[in-house]
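# Chain and residue survey
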Amino acid sequence: MSGRVLVAGVGNIFLGDDGFGVEVARRLADEELPADVHVADFGIRGVHLAYELLDGYDTAILVDATPRGGPPGTVYVIEPEPPAARDAGDPAAAPLMDAHAMAPDAVLGLLDVLGGSCVRVLVVGCEPAEVTERIGLSEPVERAVGDAVLMVRELLALREDREGGTR
């Protein structure tokens, strides 16, 4: 990773474990990070996240609940494929979306349609135990928050190692 980095917590705190990314962002916001790293809680505001990415970030680390079939609380690092080739700025190519329920792939699709890009996108995700109407994370997902914070810090440290120190 190089250049400016956005660490974006996404998810809905009113749907149990879907609030995972929001909690990780909250904890990271209290830590000292390199000056070129911006941490923010985007919650369910996917359109806002897409517009934030237009502001010139080279790397985005999206933190979210990611059901992939593993045991609840499993933390994953995923490097998604770039959006399918399409004409940037073509509204007809925009993915159908609900502004209050945008998955990371829809956010990246919107970014592409808006003519923006991000050199590298990583998703730090956690296998949810339950996504139901309630506030608060399940026990295994709550335990995984610390692991995800460490994972984001490790990804940032790898970037610094490649660049020869902090910027």
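Our subject is the structure that appears above.
Quick caveat: nothing in here was measured; it's all calculated off a predicted structure.

## Considering the sheet that holds strand E3 (residues 59–65)
- If you trace the five strands from one edge of the open sheet to the other, you get E2-E1-E3-E5-E4, paired in mixed fashion. Only two strands of the sheet have a single neighbouring strand rather than two, namely strand E2 (37–43) and strand E4 (75–78). Within the sheet, the average angular offset between the axes of one strand and its neighbour, ignoring direction, is 20°.
- Here E3 pairs with strand E5 (residues 120–126) via seven bridges, running parallel. Note that in E5 the partner of Leu-62 across the bridge is Val-123.
- Where helix H1 (residues 20–29) meets the sheet, its contacts fall on strand E1 (5–10), E2, E3 and E5, and the angle it forms with E2 comes to roughly 145°.
- Relative to E1, helix H2 (residues 46–53) is tilted by about 180°, and along the sheet it contacts E1, E2 and E3.

## Re H2
- For H2, every residue scored as buried is listed here: Gly-46, Leu-49, Ala-50, Glu-52 and Leu-53. Considered in projection along H2, the buried side chains sweep an arc of 160° and stay on one side of the axis.

## Quick look at the packing of aromatic side chains
- Enumeration according to the criterion identifies zero aromatic pairs in this entry.
- Looking at Arg-4, its charged tip hangs above the ring of Tyr-57, at a distance of 4.2 Å from the centre.
- Seen from the ring of Tyr-76, Arg-68 lies directly overhead, with NZ or CZ sitting 5.5 Å from the centre.

## A word on the pattern of salt bridges
- Counting across every chain of the model gives nine salt bridges.
- For the salt bridge of Asp-17 with Arg-134, the shortest nitrogen-to-oxygen distance reads 3.8 Å. With Asp-17 in the loop between E1 and H1 and Arg-134 in the loop between E5 and helix H4 (139–163), this residue pair connects regions lying 117 residues apart in the sequence.
- Classification of Asp-17 as buried rests on a relative accessible area of 0%.

## Thoughts on a nonpolar patch on the surface
- On the surface, Ile-13, Phe-14 and Ile-135 cluster together to form a nonpolar patch covering roughly 330 Å² of accessible area.
- Owing to a relative accessible area of 52%, Phe-14 belongs among the exposed residues under this scheme.

## Re the nonpolar core
- Membership of the largest hydrophobic core comes to 23 residues, with the highest contact counts inside it found for Val-7, Phe-20, Val-24, Ile-61, Val-63 and Val-152.
- Of all the secondary structure elements, the ones that give two or more residues to this core are E1, H1, E2, E3, E5 and H4.
- It is H4 that provides the largest number of residues to this core, a total of eight residues.
- Core analysis: the second largest hydrophobic core is formed by 20 residues, Leu-53, Val-107, Cys-118 and Val-123 among them.

The rules behind each value
Residues numbered from 1 in each chain as written. Predicted model: local features only at pLDDT ≥ 70, side-chain atom pairs only at ≥ 80, totals over all residues. Heavy atoms only, no water. Pairing = 2+ DSSP bridges. Helix = DSSP H or I, 4+ residues; strand = E, 2+ residues; numbered from the N terminus. Axes fitted to C-alpha atoms, helices over the stretch in contact; angles between N-to-C directions. Contact = heavy atoms within 4.5 Å. Buried < 20%, exposed > 50% of the residue type's maximum accessible area, 1.4 Å probe, protein only. Arc of directions from axis to C-beta. Phe/Tyr/Trp six-rings, centres within 6.5 Å; stacked < 30°, edge-to-face > 60°. Lys NZ or Arg CZ within 6 Å of the ring centre and 35° of its normal. Salt bridge = Lys/Arg side-chain N within 4 Å of Asp/Glu carboxyl O. Patch = residues over 30% accessible without salt bridge, like charges linked within 9 Å, V, L, I, M, F, W, Y side chains within 5 Å. Areas by Shrake-Rupley, 256 points an atom, 1.4 Å probe, with all protein chains shown as cover. Core = buried A, V, L, I, M, F, W, Y, C linked by side-chain atoms within 4.5 Å.

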